[in-house]
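Report on the structure
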Amino acid sequence: DVKVTQSSRYLVKRTGEKVFLECVQDMDHENMFWYRQDPGLGLRLIYFSYDVKMKEKGDIPEGYSVSREKKERFSLILESASTNQTSMYLCASSQSERVASYNEQFFGPGTRLTVL
Amino acid sequence: AQSVSQHNHHVILSEAASLELGCNYSYGGTVNLFWYVQYPGQHLQLLLKYFSGDPLVKGIKGFEAEFIKSKFSFNLRKPSVQWSDTAEYFCAVKMNSGYSTLTFGKGTMLLVSP
């Protein structure tokens, strides 16, 4: 059974703190993604990665960075958390287009981050 | 850049009513199309997908969607909804050209009353 796990379901941080959100997948997928989900705005792509040590900006990368040191792990970093980064963060993974063009994305349970 | 439009933000239906959720996209080339569902407190999961072939695709739990290329649409349907269909539904589009990412609509919250 495919699985994407995220390190925390709920997280509360203070403004200015450095925040790490971790995502691990056990499906040997090449592609990994970070989204934020906000009511009325749907899912918006923050960053994605097609390979280890590779990263690409999504639609809303400002205020975020990522790290992918191992194939199965993709970390989202908020260098200095702000209140407008309070949101639900979703991680996803998929097979590479080189392997399967029918590459649906599999999602983790999400981390609800509150920045005070 | 491509965009995805979902026509309704909130839909309220009674059990056994028929459902149709609209989805339109803006990209003119070949696309892959998806509907994802998020039940309360659960992961986002795939409901159905279209890549090629028969434009009428069937998914899980009795859902189906029809791809109409001329209308840039991929509407989701179910003949008779159940209370357990209460969820948020997201349409997503991927350009079918090399590496590309999913663009999601803003979602439609469906509430089915018993």
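Described below are features of the structure shown in this document. If you're wondering where the values come from, they're calculated on a predicted model, not measured in any experiment.

**A few points about the overall build of chain B**
- Looking only at helices and strands, one finds zero helices and twelve strands in chain B.
- Its C-alpha radius of gyration of 14 Å places chain B within 12% of the 13 Å reference for a compact globule of 114 residues.
- By principal-axis analysis of the C-alpha atoms, chain B measures approximately 45 × 25 × 20 Å.
- Residue burial in chain B is summarised as follows: out of 114 residues, 49% are buried.
- The contacts in chain B between residues at least 6 apart in sequence include a share of 55% that link residues at least 24 apart.

**Quick word on the pattern of salt bridges**
All names here are of chain B.
- All chains considered together, the criterion is met by eleven salt bridges over all chains.
- Where Lys58 meets Glu64, a salt bridge forms, and the shortest distance between an N and an O atom there is 2.9 Å.
- What makes Lys58 exposed here is its relative accessible area of 63%.
- A relative accessible area of 18% means that Glu64 is categorised as buried.
- Between Arg77 and Glu64 there is a salt bridge whose closest N-O contact spans 3.4 Å. Residue Arg77 is located in strand β9 (residues 73-78), and its partner Glu64 is located in strand β8 (residues 64-68); the two are separated by 13 residues in the primary sequence.
- A relative accessible area of 23% places Arg77 in the partly exposed class.
- Through salt bridges with shared partners, a single ionic network connects Lys58, Glu64, Glu66 and Arg77.

**A closer look at the packing of aromatic side chains**
Residues and elements named next belong to chain A.
- Under the criterion given, the structure shown has 15 aromatic pairs over all chains.
- Look at Phe33 and Phe48: their rings are 6.2 Å apart centre to centre, the planes differ by 25°, and that puts the pair in the stacked class. Residue Phe33 is found in strand β4 (residues 31-38), and its partner Phe48 is found in strand β5 (residues 42-49); the two are separated by 15 residues along the sequence.
- Assessed through its relative accessible area of 9%, Phe48 is described here as buried.

What counts and what doesn't
- Residues numbered from 1 in each chain as written.
- Chains lettered and ligands numbered in written order.
- Predicted model: local features only at pLDDT ≥ 70, side-chain atom pairs only at ≥ 80, totals over all residues.
- Heavy atoms only, no water.
- Helix = DSSP H or I, 4+ residues; strand = E, 2+ residues; numbered from the N terminus.
- Rg over C-alpha atoms; globule rule 2.2 N^0.38 Å.
- Buried < 20%, exposed > 50% of the residue type's maximum accessible area, 1.4 Å probe, protein only.
- Contact = heavy atoms within 4.5 Å.
- Salt bridge = Lys/Arg side-chain N within 4 Å of Asp/Glu carboxyl O.
- Phe/Tyr/Trp six-rings, centres within 6.5 Å; stacked < 30°, edge-to-face > 60°.

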